[in-house]
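# Analysis of the macromolecular model
The chain contents come next:
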Amino acid sequence: FFFASTRDSMSDALLAQIDAQGEKVRILKEQKAEQATLMAAVNELLALKEQLPEGHPLKPKPKKGKAAAPAPKAAAPAAKPAAKAPAQAPSKPAQAAAKAPAAKAQDTTPLPFQKTVDELDALILSMEREMKMGKPVVTRFAPSPTGFLHIGGARTALFNYLYAKATGGKFLLRIEDTDRARSVDSAIAAIFDALKWLGIQHDGEPVFQFARAARHAEVARQLLAAGNAYECYASPEELEQMRADQEARGEPPRYDGRWRNRDPKEAPPGVKPVIRLKMPQDGETVVHDMVQGDVTVGNNQLDDMVLLRADGTPTYMLSVVVDDHDMGVTHIIRGADHLTNAFRQTQLYLLAGWTPPNFAHVPLIHGPDGKKLSKRHGATGAEQYRDMGYLPETLRNYLARLGWSHGDEEIMSTEEMIKVFSLDTIGRSPSRLDFAKLDFLNGHYIREADNAYLSKLAAPVISQTLGLPPLSDTQLATIQHAMNELKKRARTIKELADGCLFLVRARPIPVLASAAKMLEGEAKTHLEALAKILGEHPAGEWKAASLEAALRAAADSLTVKLVKLAQPLRVATTGSTASPPLFEVLERLGQAECLGRIQDAIQGKNKIEAGPEQPKGEEKAAKPASNNTSAADLEKLRAAKKAEKAAGGAKKAADAAPAAPREPDTPEVVALLKKIDEQGAVIKTLKTEKAAKDVLDPAIKLLLDLKNQLPDGHPVKPKPKK
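Here goes a summary of the coordinates provided.

Conventions and cut-offs
Residues numbered from 1 in each chain as written. Predicted model: local features only at pLDDT ≥ 70, side-chain atom pairs only at ≥ 80, totals over all residues. Heavy atoms only, no water. Helix = DSSP H or I, 4+ residues; strand = E, 2+ residues; numbered from the N terminus. Expected span 1.5 Å × (residues − 1). Buried < 20%, exposed > 50% of the residue type's maximum accessible area, 1.4 Å probe, protein only. Arc of directions from axis to C-beta. Contact = heavy atoms within 4.5 Å. Pairing = 2+ DSSP bridges. Axes fitted to C-alpha atoms, helices over the stretch in contact; angles between N-to-C directions.

## A look at helix 20 (residues 522–535)
Taking 1.5 Å of rise per residue, the 14 residues of helix 20 would be expected to cover 20 Å, and the 20 Å separating its terminal C-alpha atoms lies within 8% of that figure. Turning to helix 20, its buried residues are Ala-523, His-526, Leu-527, Leu-530, Ala-531 and Leu-534. Burial along helix 20 is one-sided: seen end-on, the buried residues are contained in an arc of 145°. Those residues of helix 20 that are buried lie in contact with helix 21 (544–557), helix 22 (562–574) and helix 24 (591–602).

Dropping the structure here:
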């Protein structure tokens, strides 16, 4: 019941008495002492706290409607025998005074803050809450360095971090490396690296458990000297036979306490004992879990666990409790698979004379099928998600909302989560990993991210994919300039990097199999015309707006729709039908590179590459057997396929009248078309990410509103329904 931060201005002696008496009350309550004994201890604690100066946070506050001391009219009754209650509350204090032990002098005089038996439990709980609210919160994350940082462990670390920061406390890191056979330096480095990438920064220096083995053994010997532990000389063979006999009787295997009350003088010669904790054999142990609620187990189900092995090395259960106590940990937030450990650890705290911390056992993460998360579900290590192209801010947001809730808010920054994080709203049921939701969330954070930041993340992926050295500053600038459009379509950094490849590829660039058809037939004629027009374009005017005007003028002179020129040009220069705005791409690539890529497409030099835009139907049947098939070869395959269907119903494009030329778009219309293009890309991304209807519908409505602003007769403007 005492916290160190209040020592600064108070008498150390009085506060030490309050500390010791509070510990006594806690132990009596846990051991379910008689009501009269417990009440006497509580009254003594309250009397000590009344001696504190006014305004001190530990001093009991008088309840409204009741005076802190007997009222003047109660002065006469106060002089009567001590068993009589104060005048302002004659009934309940009288009960308390009657039940209080008469042996203690301080209990024979009624105090204005004495409580009845019925109020005792509520009083103790409120006192505990009062002390814990004032005590600085200290949480810890304690991984074992036997492999990568599991995604469940990453969430545990995040919950500890958020709770510490939300309460103004500290978040500590401890490496539990007592298993020397399995603990490896590379795993320790991987844990530090993963936490750094996730942005989960611990306070102070990390603690290494193995280095504290001497301190753990010291506590075991102190428990032995105090009679709360004993030496056990049972051999491994004896214990194995004991468990076999228990299983034969249908009993759960547990140590039967055969050396609990035996004299060590009976020990067989030459046998080194283990030290076991002397657990209580009756009553029950209650864990007041902040997530699971009160969880109770009968003490007859808790066997006397080993604290110190025969070779003198401490066990995990001892080391964990000693370290948490010495580190000042107030809240242990960990996976629900540790809940059974909490009962034995609670008793170890009590028998060592220490106050148990608050426990919060968080449900585990399951796979999409509802089973415990494992390798068969895909990535389980935090660093794997980094390699798959997820942003750390995405994973922080997703993991925090995987079991913890705050209304309907799904997208929250770390700063926002710190302001509202609470253990009260963590659910008790396991959470299921949803990769579709994770992708959607990552797409959101990519769209919101700084372009320079995204370019630096994508650059090494691009270099690795293409087998290139690190990108130059010029290449990085080219990628960054196109990032506004590229990031609208990407759900991961890998997808973002794939979208950037065309900007830095060497000629001739590969063309996706699904886009290669755009280079066939009349498209080559159009590309030849564009090669001439763009070749004559002034080099000093190689800007997006000027290029767009030139292409629209070319479409008018050739009496074709702009798309008939734009799509072949897009495929020739990017290798895909999807890219950032075409004219911005042309500007960034430069005149020489664009003209070279157009000539490659005209001459059929491009290699066909299977990619994310896998062809369907007719094009799927014509898919080349090798990524080295040329565009010319693919064209022959498709021509043969089309000949087979010629009798069925070919398009009558040759008979159609040529489109009537129209006036060039004004600058205002050009700007509006650009907005329409951008909004269309947003909708495409939302559909790909399977966004909710309430998100998708407003986006579609905005697109229609933009299109309706176009002048009447414009081909992009929707036609009125009949």
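After presenting the structure, the write-up continues.
## As for the sheet that holds strand 2 (residues 170–175)
In spatial order, the strands read 1-2-3; together these 3 strands make up an open sheet with parallel pairing. Since the sheet does not close on itself, it has two edges, and those belong to strand 1 (138–141) and strand 3 (207–208), each with one partner. As paired strands, strand 1 and strand 2 are joined by 4 bridges and run parallel to one another. Counterpart to Phe-141 in the pairing with strand 2 is Leu-173. Contacts between helix 7 (residues 151–166) and the sheet are confined to strand 1 and strand 2, with strand 1 contributing the most and set at about 165° to the helix. Where helix 8 (residues 185–198) meets the sheet, it contacts strand 1, strand 2 and strand 3, and its direction lies at approximately 160° from that of strand 2.

## Points about the environment of Ala-545
In this fold, Ala-545 is placed in helix 21. The exposure class of Ala-545 is exposed, given its relative accessible area of 60%. Taking the C-alpha atoms as reference, Ala-545 lies 9.4 Å from Pro-667; in sequence the two are 122 residues apart.

## What to know about the sheet that holds strand 8 (residues 306–308)
With respect to topology, 3 strands assemble into an open sheet ordered 4-5-8, the strand pairing being antiparallel. Each of the sheet's edge strands pairs with one partner strand only, and the pair in question is strand 4 (229–232) and strand 8. Averaged over all pairs of adjacent strands, the angle between strand axes in this sheet comes to 45°, irrespective of strand direction. As paired elements, strand 4 and strand 5 (residues 274–277) share 4 bridges and run antiparallel to each other. Paired with Ala-229 across the two strands is Leu-277, which belongs to strand 5.

These values are about where atoms sit, not about what they do.
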